Amino acid sequence: MTDPDLSGALTLNSPEACLAHYRAWADSYDSGFAEGMDYLLPAHVAATFLAAGGGSPVLDVGAGTGLLAERLREMGQAGPIDAVDFSAEMLGRAAEKGIYRTLAQADITQPIALPRQYGGIVSSGTFTAGHVGPEAFVHLIALALPGAQFALSVNLRVWTAQGFDRAVAALQSAGQITALQLIEVQIYGAAAAAIDPDHATDRAQVVLFRAT
């Protein structure tokens, strides 16, 4: 048996399907998926970002319901955090938590209409099957101040298959990023095995680098 919401999310094949899926999932995302699957990835991204030196203000990319920003606050991130996500319904849930300075709905596969002002850019769960590919990285770098710290999770199922490894290497070779680190982490805790054994052992790369 697999979690139908998660399985559906990993097989999305169009922007319209993505919007519809997250519109339906927003109300149960935290209490159903995140709690039931013991979703560890937001905490891993927050911890690696801060351990690498962090930065401020922070842009949370694919912010969803705000789980990553919650972990950042718990771990001591004091500066402003802004949110960007494709789903208005997920952002609505995030807004209720009072964590974010601003919230913006945007498709990050296109240039993002936000100022270049961020000292940190983070993302948990956005770069995965059925979601966003490495083409979004250049749009995020365009929003970063020189030296901005990035911490972006990429599901290992798509790391090579969708060319994230090659995209990161190309950015490094072009001198657009520096201080590259790859940290492999477990996405879910032990509770996930009883709910969704097909995905319970999934892992991700947390991709750390600084903008130049």
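Here the structure is a predicted model, which is why all the values come from computation and not from measurement.

Rules used in this analysis
- The numbering scheme is per chain: residues are counted from 1 as the chain's sequence reads.
- Thresholds applied to this predicted model are a pLDDT of at least 70 for local features of residues and 80 or more for the giving and counting of side-chain atom pairs; totals over whole chains, interfaces and linings are not thresholded and use all residues.
- As a rule here, side-chain values come from all non-hydrogen atoms in the structure, and water together with hydrogens is ignored.
- Partly exposed residues are those whose accessible area sits between 20% and 50% of the maximum for their type, while under 20% is buried and over 50% is exposed, using a 1.4 Å probe and protein chains only.
- Comment: elements are numbered from the N terminus, with helices defined as DSSP H or I runs of at least four residues and strands as E runs of at least two.
- Strands are labelled as partners when DSSP assigns at least two bridges between them.
- When the strands point away from the viewer and the connection leading from the first strand across the helix to the second strand turns clockwise, the crossover is called right-handed.
- Note on geometry: axes are lines fitted to C-alpha atoms, helical ones only across the stretch in contact, with angles between N-to-C directions running from 0 to 180 degrees.
- Each angle is binned into one of four classes, with values under 35 degrees roughly parallel, values over 145 roughly antiparallel, values of 65 to 115 roughly perpendicular, and all other values oblique.
- Helix crossings fall into two classes, left-handed where the near helix is turned counterclockwise from the far one by less than a right angle and right-handed where it is turned clockwise.
- Contacts are residue-level and defined by heavy atoms, with any inter-residue pair within 4.5 Å sufficient.
- Three classes are used, and their members are as follows: Ala, Val, Leu, Ile, Met, Phe, Trp, Tyr, Cys and Pro are nonpolar, Asp, Glu, Lys and Arg are charged, and the others, Gly among them, are polar.
- A pairing counts as a salt bridge when a side-chain nitrogen of Lys or Arg comes within 4 Å of a carboxyl oxygen of Asp or Glu.
- By nonpolar core we mean a set of buried residues, namely Ala, Val, Leu, Ile, Met, Phe, Trp, Tyr and Cys, connected to one another through side-chain atoms within 4.5 Å.
- As used in this structure description, the phrase polar contact means that two N or O atoms lie within 3.5 Å; if the pair is within protein, one of them must be able to donate a hydrogen and the other to accept it, and residues adjacent in sequence are counted only when both atoms belong to side chains.

S.K.: Would you take a moment to explain the pairing of strand β1 (residues 58–61) for this structure?
M.R.: Successive side chains on a regular strand alternate, one facing one side of the sheet and the next facing the other. Burial along β1 is two-sided: the residues Val58 and Asp60 and Leu59 and Val61 are all buried. Direction of pairing for β1 relative to strand β2 (residues 81–85): parallel, over a ladder of 4 bridges. When the bridges of β2 are listed, Val58 appears paired with Ile81. As a crossover connection, the stretch from β1 through helix α5 (residues 67–74) into β2 is right-handed.

S.K.: Could you clarify how one ought to interpret the packing of helix α4 (residues 41–51) against α5 in this entry?
M.R.: When two helices pack together, their arrangement is given by the angle between the helix axes and the distance between those axes. Running from amino to carboxyl end, α4 crosses α5 at an angle of 45 degrees, the nearest separation of the two axes being 8 Å. Our classification of the angle between α4 and α5 gives oblique. Two packed elements cross with a definite hand, and for α4 against α5 that hand is right-handed. Contacts from Pro42, Ala43, Val45, Ala46, Phe49 and Leu50 of α4 reach α5 at Leu67, Leu68, Arg71 and Leu72. Its residues assigned to classes, the contact of α4 with α5 comprises 9 nonpolar, no polar and 1 charged.

S.K.: Before we go on, may I ask you to explain the environment of Asp165 in this structure?
M.R.: Here Asp165 shows up in helix α9 (residues 164–173). Separated by 11 residues in sequence, Asp165 and Val154 place their C-alpha atoms 9.8 Å apart. The residues contacting Asp165, other than those within four sequence positions of it, are Trp159 and Thr160.

S.K.: What's the story with the environment of Leu50 in this structure? I'm lost.
M.R.: By the element assignment, Leu50 lies in helix α4. Since its relative accessible area comes to 26%, Leu50 is described here as partly exposed. Sequence separation of Leu50 and Gly120 is 70 residues, and the distance between their C-alpha atoms is 9.8 Å. Apart from residues lying up to four places away in sequence, Leu50 is in contact with Leu72, Met75 and Gln77.

S.K.: Just checking my understanding: could you explain the pattern of salt bridges for this structure?
M.R.: Between side chains of opposite charge, a pair can form as their charged atoms come close. What the rule picks out here adds up to 7 salt bridges. Across the pair Asp165 and Arg166 runs a salt bridge, and its minimum N-O distance is 3.8 Å. Take Arg166: its relative accessible area is 53%, and that puts it in the exposed class. In this structure, Arg203 engages Glu184 in a salt bridge whose closest nitrogen and oxygen atoms are separated by 2.7 Å. Here the residue Arg203 occupies a position in strand β7 (residues 203–211), and Glu184 occupies one in strand β6 (residues 177–186), the gap between them amounting to 19 residues. Overall, the relative accessible area of 30% leaves Arg203 in the partly exposed class. Given the relative accessible area of 42%, Glu184 is considered partly exposed.

S.K.: Could you clarify how one ought to interpret the nonpolar core in this entry?
M.R.: Side chains that are nonpolar tend, in soluble globular proteins, to be buried together. Residues Tyr39, Leu72, Tyr100 and Val122 are the most contacted members of the largest nonpolar core, which totals 32 residues. Counting only elements with at least two residues in this core, the list comes to α3 (29–36), α4, α5, β2, α6 (88–95) and β7. Leaving out residues up to four positions away in the same chain, Val122 has contacts with Val45, Phe49, Val58, Leu59, Asp60, Val61, Leu68, Leu72, Ala151 and Leu152. Formed by 30 residues, the second largest nonpolar core is a distinct cluster that contains Tyr118, Ile121, Trp159 and Val168.

S.K.: Sorry if this is basic, but what is going on with the side chain of Asn155 here?
M.R.: Following the sequence through the fold, Asn155 ends up in strand β5 (residues 144–155). Classification of Asn155 by relative accessible area gives buried; the value is 7%. Polar contacts involving the side chain of Asn155 include one to the side chain of Thr128, which spans 3.4 Å. A polar contact is formed between the side chain of Asn155 and the backbone nitrogen of Arg157, at a distance of 2.8 Å. The contact partners of Asn155, leaving out residues within four places of it in the chain, are Phe127, Thr128, Ile187, Asp202, Arg203 and Ala204.

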